[in-house]
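Survey of secondary and tertiary structure
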Amino acid sequence: MQIARISMIFALTLGLIGTVWAYKGEKYANHAKITLKAAEKIALKAVPGKIKDEELEKESGGSGLRYSFDILYKGKIHEVGVDAKSGKVLENSLPGPHAD
């Protein structure tokens, strides 16, 4: 009985961790022409560092669908937006004091 309970807790924990690994906006992936991995490479060329957050979202500019990355570089988080259809860098900035 105890082994079954431990196995169940372990399985639930893995399931929760798995959802954390998925990026936000995955529901739009079938509308993107470039993959998340390709967009990551483009973003990291614009700002070399460590990706802290990534999202595929509908937003004005470009094709209207973009990958957004928060990249930690030299102690600061940079926002990099990559068009999900063309691969063009649409945004490369440091957020201001009122960033959302």
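Conventions adopted
- Residues numbered from 1 in each chain as written.
- Predicted model: local features only at pLDDT ≥ 70, side-chain atom pairs only at ≥ 80, totals over all residues.
- Heavy atoms only, no water.
- Pairing = 2+ DSSP bridges.
- Helix = DSSP H or I, 4+ residues; strand = E, 2+ residues; numbered from the N terminus.
- Buried < 20%, exposed > 50% of the residue type's maximum accessible area, 1.4 Å probe, protein only.
- Contact = heavy atoms within 4.5 Å.
- Polar contact = N/O pair within 3.5 Å; in protein donor to acceptor, adjacent residues only side chain to side chain.
- Salt bridge = Lys/Arg side-chain N within 4 Å of Asp/Glu carboxyl O.

**So, the pairing of strand 4 (residues 89-93)**
Here strand 3 (residues 76-83) runs beside strand 4; their pairing, made up of four bridges, is antiparallel. Residue pairing across strands places Glu79 opposite Ser93, the latter belonging to strand 4. The turn linking strand 3 back onto strand 4 is made up of five residues, and Gly87 within it adopts a positive phi angle of 85°.

**Quick word on the pairing of strand 1 (residues 50-58)**
In this structure, strand 1 lies alongside strand 2 (residues 65-73), joined through eight bridges in antiparallel fashion. From the neighbouring strand, Lys50 faces strand 2, where its bridge partner is Leu72. Hairpin connection between strand 1 and strand 2: a loop of six residues separates the two successive antiparallel strands, and Gly61 in this loop has a positive phi of roughly 100°.

**Focus: the environment of Gly61**
Position of Gly61 relative to the elements: it lies in the loop between strand 1 and strand 2. Along the primary structure Gly61 and Glu91 are separated by 30 residues, whereas in three dimensions their C-alpha atoms are 9.7 Å apart.

**Overview of the environment of Asp53**
Mapped onto the elements, Asp53 comes out in strand 1. The exposure class of Asp53 is partly exposed, given its relative accessible area of 29%. Expressed as a C-alpha distance, the spacing of Asp53 and Ile77, which sit 24 residues apart in the sequence, is 10.0 Å. Filtering out sequence-adjacent residues up to four positions away, Asp53 remains in contact with Lys24, Ser68, Phe69 and Asp70. At 2.8 Å, the side chain of Asp53 and the side chain of Lys24 are in polar contact.

**Structural notes on the pattern of salt bridges**
Under the defined criterion, the tally for this structure stands at four salt bridges. Two residues, Glu91 and Arg66, come together in a salt bridge whose shortest N-O distance is 3.4 Å. Of this pair, Glu91 sits in strand 4 while Arg66 sits in strand 2, and the two are 25 residues apart along the sequence. Put simply, Glu59, Arg66 and Glu91 are held in one network by salt bridges that share partners.

From the geometry alone we can't say anything about function, so treat these as descriptive.
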